[in-house]
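Now for the letters of each chain:
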Amino acid sequence: MTGAKWRWGFLDLVVIVFALIPVLWIASLSFKTPATITDGDFIPREWTLENYRNIFNTDQFVRALVNSIGIGLISTLVAVVLGTMAAYAIARLDFPGKKLLIGISLLIAMFPQVSLVSPLFEIERSIGLFDTWPGLILPYITFGLPLAIYTLSAFFRQIPWDLEKAAKMDGATQGEAFRRVIAPLAAPGVFTTAILVFIFCWNDFLFAISLTSTERSRTVPAALSFFQGASQFEDPTGAISAAAVIITIPIILFVLFFQRRIVSGLTSGAVKG
Amino acid sequence: MADIVLDKVTKAFPDGTLAVQEFNLEIADGEFVILVGPSGCGKSTTLNMIAGLEDISSGELRIDGQRVNDKAPRDRDIAMVFQSYALYPNMTVRENMAFPLKLAKLSREEIDRKVDEAAKVLELTALLDRKPANLSGGQRQRVAMGRAIVRSPKAFLMDEPLSNLDAKLRVQMRTVVSRLQKRLGTTTVYVTHDQTEAMTLGDRVVIMRAGAIQQVGEPQELYDHPNNLFVAGFIGSPSMNFLPATVSDGSLHTSLGDFPLGERLRSRLADVSGDLIVGIRPEHFEDASLIEDSIRQRGAEFEATADLVESMGSDKYVYFTVEGEKASAAELEELAADAGSGDLPSSGSNLVCRFSAESRVKEGDTARIWVNLDKIHLFDPSNGRNVTLHEGRSSGVSA
Amino acid sequence: MTAETATEKPTTHSVRAQRKAKARISEGKRQERKLGWLLCAPAAFVMIAVTAYPILYSVWLSFQRFDLKFPDQREFIGLGNYATVLTNEYWWTAFGITTLITVVTVAVELVLGMALAWIMFRTLVGRGLVRTAALIPYGIVTVVAAFSWKFAWTPDTGYLGNLFGEGAPLTERASSLAIIMLAEIWKTTPFMALLLMAGLALVPEDLLKAASMDGATGWQRFTKVMLPVMKPAILVALLFRTLDAFRVFDNIYVLTGGANNTSSVSMLAYNNLIRGLNLGIGSTMSVLIFIAVAIIAFIFVKLFGTAAPGSDEGGRR
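- As annotated in an unreviewed UniProt entry, chain C is Sugar ABC transporter permease from Asanoa iriomotensis.
- Recorded in UniProt under Sequence similarities (unreviewed entry), the annotation for chain C is "Belongs to the binding-protein-dependent transport system permease family."

- Looking at an unreviewed UniProt entry, chain A carries the name Sugar ABC transporter permease, with the source organism given as Asanoa iriomotensis.
- The Sequence similarities (unreviewed entry) field of the UniProt record for chain A holds the comment "Belongs to the binding-protein-dependent transport system permease family."
- Under the UniProt heading Subcellular location (unreviewed entry), the entry covering chain A gives this text: "Cell membrane".

Here you go:
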């Protein structure tokens, strides 16, 4: 028995090391001083917060961070609201066209995003959305929606809807039944979906570099590739690393606190869809 | 507390099928009525219409003399226990039971008092602070009942409340439900597909099939005088034996042999001819060697080989196979399908006899069997009607 | 005579009741449909407006000579752009690279993902920990991971830079491709594993017990019992990952920028469009990529048969 435990423990360790090394490495780089940054050591010899101080002093990064957060939150909010409505209909109502909607969202989930880049580039330029927040929010909502619809309809199907009847029998109005019984049960699913959609928006790179051209709406992943460090002649490695660590923090927090939910959201949405 | 009247209540579904057809029933104040039938017979739909969870397509529903067709469930003042229990997972047992009272805007003290009282009755006091996820099946069931009784509604509706419990607990909870109903004296409508529950629990039983009432009556009445093949086959365990039969020259021809028609049957069969189905309950057979001469002449005897003998201690179930055609009627096929035995392979009809424990019949023996002809029923296979009932009973619905 | 009228009356009555009921029910049904459409309309509208219209517009653009550097020369040239792209060596190189990356990464991820799924599902110790760790590659921003790998393989700077002796791995084609694939595999194996884990959860414990009672070895239990039960989950995972891998862009952009003939089709389309500002050619490539993805999806759906997601809701619990 203990032998088996050691074996599993070893396998766990392999997975954990494999998963963490690139993250620890970029974190390590971000704490290195300019002098030691090219020494190739995995653990910094001299620790410094200089890189962080520098990036927060550049408008380039702060602006991008604001863009990333704002665009991510708005896209998530809209996608989750629209997705919740559609998923409720899919899980609970019977209407023609339901299959079609599921089919469309599946198609979009598999859509090659680069195929949208050229027409969107041209369309957004002609209607003035290019290099604006809405210009990124729109495609993010579009690609976030299939994810939201799948995950949420799987969640909604698991809600015991008998409870709605029970609440009505207990004297609740339709509104009370929803507010006091259904909503508390649906909330975790909606929350998990919001996390997944936000991660998607937070991650995107292709739309971010194609549909923006200035700091006005460039998000952090896109800004990273334009990074030149505090001054033009400085090696940007430290700055890039520090910025990378900053935008990894929310992901780490989500994963740490909501591991169980993210796992169940991803698996139920993708397999049982 | 109140009486419930269903007056030609009908439920039609979008595709035009009638789930419930002109359902007429008067449920007296304090009565315990069971709706029973195979799945899809419309019993749950009927219950949901009484609850207000489904619209009534036509007809009228009156509770306490008031028409309530268009009232929302919350305005009907009735409580319901669901098969899945439908406990709110995010609330503790106490909160679950308090929920209807909170919605009714009762004061805190009153809510606490009523919940404590109901918890005591159902022995839930120790569990009040737990969440439903941490309860056993039987405990959840009791919480569901507690939530129903806590606000003293006009009536209880129960939708197969025991069918998610295991067999032993189900028998226990049956007596709990029964005692509780007697104690509170609240009008109760109880839906089940289990004929044993129907027989043991109800003051009256309503047997449904394909959206229509087959017979209404006290359990014993249904057992002794079934209106038709369906009721006869549905009530009783093991169920009634059916064989094809014909009548001619004053005697009944069956694959068991020819039986003389007594005075009782001859008068009823005056205007009946052609094919019939004979129905015999297992206990109306007996090991012929155990029959006293005084009653021997009420019946007839035949011989058959026992396939299987199950000794129950108090009595013996003896199984025979009778070669020849099987009794066939739409009702019997439906019953077989519901019991899941529709596609069991067998050549000929299987008979079950209940012999007294003294019988010495063993497997493989050729036994001499006596059948009580006073108790047999004859059915018309074309419409399933019991032709042996006298007019007063066969005319059906009696309140 | 009297009997006849007596039986006739209730029949007509019930027919009328039925008809009346039907009308009322279909009213409720209509309400339900209306609500269904109403709730889905916004989502459907956004999804279609932001994909269908642009892709049609893209087809229109692909029939034109349209270079933003020379806007005056815009003209309709029919299939001219397609001839240009399909006879272009770069396109086919990129297509080959994309296919290679897709095939290799998906194959490796399937094997590693299965192993990881098994570990996450079965481990006796630290199940939460290992699942949390595995989610990090899934959640992390691809560009961040790409930079981490880039710095790791940079000579002198990185801990892996001098692993294979002198020379920079990211300046040679073969090693660059290997690193791109490594980065892809690192990033997406956990996602594959999660999907496969959902499939593992569907394998009934009793089935495995029955198989071992029947004398199946561990490997036989895996291939004869688990794989068939998991087949739908595996196909879903493969479909998602194949189409996803075919879009590979972020890692290549950061790691090599497409240098040394390491461009994928997405990279090439992006370069023509955003860097070259050639809308005609860029759109043509977009349409071709769309067609390629559609073909891959079609093949998978054929393979799926009825197991395709969405073909039966909740039927595969």
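Continuing now.
## Quick notes on the domain arrangement of chain A
Residue and element names in this part refer to chain A.
Then, number 1: Looking at chain A, the domain boundaries give domain 1 (1-48) and domain 2 (58-271).
Then, number 2: Inter-centroid distance (C-alpha atoms) of domain 1 to domain 2 is 30 Å.
Then, number 3: The partner domain 2 presents nine residues to the six residues of domain 1 that form the contact.
Then, number 4: Of the roughly 540 Å² buried where domain 1 meets domain 2, counting both sides, 82% is carbon and sulfur surface.
Then, number 5: When the buried surface of domain 1 facing domain 2 is broken down by residue, Ile 26, Ser 30 and Ile 37 rank first, second and third, together holding 63% of it.
Then, number 6: Along the contact surface separating domain 1 from domain 2 lie zero salt bridges.

## A look at the packing of helix α4 (residues 127-139) of chain C against helix α6 (residues 173-201) of chain C
Residue and element names in this part refer to chain C.
Then, number 1: One can describe the packing of α4 onto α6 by two numbers: an axis separation of 7 Å at closest approach and a directional angle of 125°. Relative to α6, the element α4 is oriented oblique. With respect to the hand of their crossing, α4 and α6 are arranged in left-handed fashion. Touching Arg 131, Ala 134, Leu 135, Pro 137, Tyr 138 and Gly 139 of α4 are Trp 186, Lys 187, Pro 190, Phe 191, Leu 194 and Met 197, all from α6.
Then, number 2: Here the residues of the contact of α4 with α6 sort into nine nonpolar, one polar and two charged.

## Some words on the packing of aromatic side chains
Both the distance between ring centres and the angle between the ring planes are used here to describe each pair of aromatic rings.
Then, number 1: According to the stated counting rule, one finds 37 aromatic pairs over all chains in the structure shown.
Then, number 2: When the centroid spacing of 5.5 Å and the interplanar angle of 40° are considered together, the rings of Phe 31 of chain A and Trp 47 of chain A count as tilted. In this pair, Phe 31 of chain A is assigned in the loop between α1 (2-30) and α2 (50-57) and Trp 47 of chain A in the loop between α1 and α2, connecting sequence segments 16 residues apart.
Then, number 3: Plain terms: the ring middles of Phe 63 of chain C and Phe 76 of chain C are 6.1 Å apart, the flat faces sit at 55° to each other, and that makes the pair tilted. A residue pair is termed long-range when its members are at least 10 positions apart, and Phe 63 of chain C in the loop between α1 (2-62) and β1 (64-67) and Phe 76 of chain C in strand β2 (residues 70-76) qualify at 13 residues.
Then, number 4: Residue Phe 63 of chain C is classed as partly exposed on the basis of its relative accessible area of 23%.
Then, number 5: An aromatic cluster of at least three residues, connected via ring pairs, comprises Phe 111, Phe 143 and Phe 207 of chain A together with Phe 290 of chain C.
Then, number 6: Between the NZ or CZ atom of Arg 218 of chain A and the centre of the ring of Phe 226 of chain A, over which it lies, the distance is 3.8 Å.
Then, number 7: A cation over a ring is seen here: Arg 147 of chain B above Tyr 88 of chain B, with NZ or CZ 4.6 Å from the ring centre.

Cut-offs used in this document
- Residues numbered from 1 in each chain as written.
- Chains lettered and ligands numbered in written order.
- Predicted model: local features only at pLDDT ≥ 70, side-chain atom pairs only at ≥ 80, totals over all residues.
- Heavy atoms only, no water.
- UniProt positions renumbered as here; feature names shortened; annotations may be inferred.
- Domains from an automatic or database assignment.
- Contact = heavy atoms within 4.5 Å.
- Buried area = accessible area lost by both parts, 1.4 Å probe.
- Salt bridge = Lys/Arg side-chain N within 4 Å of Asp/Glu carboxyl O.
- Axes fitted to C-alpha atoms, helices over the stretch in contact; angles between N-to-C directions.
- Helix = DSSP H or I, 4+ residues; strand = E, 2+ residues; numbered from the N terminus.
- Parallel < 35°, antiparallel > 145°, perpendicular 65-115°, else oblique.
- Left-handed = near helix turned anticlockwise from the far one by under 90°.
- Nonpolar A, V, L, I, M, F, W, Y, C, P; charged D, E, K, R; others polar.
- Phe/Tyr/Trp six-rings, centres within 6.5 Å; stacked < 30°, edge-to-face > 60°.
- Buried < 20%, exposed > 50% of the residue type's maximum accessible area, 1.4 Å probe, protein only.
- Lys NZ or Arg CZ within 6 Å of the ring centre and 35° of its normal.

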